[in-house]
Amino acid sequence: MAALGHLPEEVMIEILSRLPLESLLRFKTVRKSWYALINDPNFATKCFCNSLHQQKHILLKRLVTKNSGNQQNVFSFLKFPLPFDGSVPVYDLDLPFDEDFRYFEIRGHSHGLLCLTDLRKDIFLCNPATREFQKLPRSILLTEPLDEFIRITSFTNAVGFGYDSKSRDFKVVRVVDFVELPCYFHPSRVEVYDLSKDKWREIQTPDRWSGIQTPVCGKVFGTPCFEMYHEGTYYWWANAKIEGRTETIQSFDMSEEVFRPIPMPKSLKGKREAYRSMGVLNGSIVLFHYPWSGNGREFDVWGMENDESGGVSWSKLLTIGPLYGIEKPLVFVGSHELLMEANEGQVILYNTRTQQFIKVPIKGHERFHATVFVESLVSVKGGNNLTYEF
């Protein structure tokens with residue numbers, strides 16, 4: 001470390017930016033100048049871009065039962081790339097959760113940050129690498145019943161998190177539904193949280209959640225592994241009024257702050273006794289379609305392409321299976337390697353080309369969630385007007 005101090009500043013910065021984040025976090029206490037450097041958004045951006053090619057992980061969330069008998073969400077890193085010989089290294093993360101996170105779900109991740117929510121009122125941002133943890137301010141839309149005569153209640157319909165490349169800021173979007181008892185549904189409203197300002201603000205959507213006026217039609221479906229953020233856009237599975245009342249993929253552009261419905265593949269219409277989930281394969285969005293239950297399940301994988309008119313088209317890429325004892329796909333970790341949840345809380349790594357699989361040495365209950373993850377130094381502390389240009 002002493003030798004670094006005698007190098008030209010630009011050389012020292014280049015060397016430090018290529019070190020593991022664990023080392024950088026220790027180096028913050030070595031010098032005041034290093035502390036300032038490591039906290040600098042420009043340095044965080046440089047480190048992240050280097051890590052994209054060097055230090056990818058698989059982040060896995062699972063529900064486990066502790067020795068006390070209580071259930072708890074546990075987050076673990078699987079080192080990338082995953083070896084196909086059964087020797088997958090697993091590292092549990094010691095995160096500073098002081099709330100009941102048993103039912104908290106991931107609602108997007110970007111540039112090393114996670115968004116966690118109970119889908120009621122509380123939303124948190126977390127950086128697993130730095131162990132920073134921040135509860136977002138109270139919603140400006142969620143309300144309590146006004147009085148015993150005017151019974152209007154509100155609840156969270158959808159939450160999504162991502163990065164806005166135009167404002168160079170991180171955002172959380174929340175869709176709030178309003179019901180006046182006994183059963184009158186008011187239009188949904190939308191609020192956006194800006195990390196740099198640490199504030200919520202309401203946005204006016206021309207069609208109010210793409211024309212959806214009630215939670216009956218606009219309710220986001222809670223299905224395993226469907227919701228995700230990818231390259232500036234967040235995606236949900238929902239009902240929408242497209243070609244009549246039907247299911248759709250609902251998207252939100254983090255930069256333009258507009259919603260856009262995306263039709264499902266036509267051949268899937270009406271097939272309701274099946275799960276849909278989303279993923280990314282070779283940089284492009286894919287849609288999984290598979291039965292709710294049964295042995296010998298087949299998993300169809302559809303690829304999405306944007307056309308010149310601004311719409312999308314779908315093509316079936318492959319069918320996986322039939323597979324026995326498999327619950328759901330989790331995440332593609334390579335062109336042919338797919339992490340999947342198996343029966344009895346097991347996780348397997350399946351090769352779609354050779355049709356071979358190995359068991360990953362990790363167990364849990366249902367509600368597995370996995371994603372390719374890159375660590376970063378980005379801070380979750382809001383309100384400092386810091387921006388990050390990636």
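Residues numbered from 1 in each chain as written. Predicted model: local features only at pLDDT ≥ 70, side-chain atom pairs only at ≥ 80, totals over all residues. Heavy atoms only, no water.

Per an unreviewed UniProt entry, the chain is named F-box/kelch-repeat protein At3g23880-like, and its organism is Cucurbita moschata.

Topic: the sheet that holds strand E3 (residues 90–92)
Strands pair in a sheet through their backbones, by hydrogen bonds, and they do so in one of two ways: parallel or antiparallel. Let me state the cut-off plainly: DSSP-based pairing: two strands are paired if at least 2 bridges between them are found. Every helix listed is a DSSP run of H or I at least four residues long, and every strand listed is a run of E at least two residues long, numbered separately from the N terminus. A fitted line through C-alpha atoms serves as each axis, taken over the contacting stretch for helices, and the angle formed by two N-to-C directions is quoted from 0 to 180°.
Across the sheet, which stays open at both edges, the 4 strands sit in the order E3-E2-E1-E24 with antiparallel pairing between neighbours. The strands lining the two open edges of the sheet, one partner per strand, are E3 and strand E24 (369–374). With direction set aside, neighbouring strand axes in the sheet form an average angle of 30°. Direction of pairing for strand E1 (residues 56–65) relative to strand E2 (residues 71–79): antiparallel, over a ladder of 9 bridges. Within E2, the position partnered with Leu 59 by the bridge is Phe 77.

Side note on the sheet that holds strand E19 (residues 312–323)
Pairing in this open sheet of 4 strands is antiparallel, and the strands run E16-E17-E18-E19 from one edge to the other. The strands lining the two open edges of the sheet, one partner per strand, are strand E16 (274–281) and E19. On average, adjacent strands in this sheet sit at an angle of 25° to one another, irrespective of strand direction. Strand direction decides the pairing type here: E16 and strand E17 (residues 284–291), joined by 8 bridges, are antiparallel. In the strand pairing of E17, Val 280 is matched with Ile 285.

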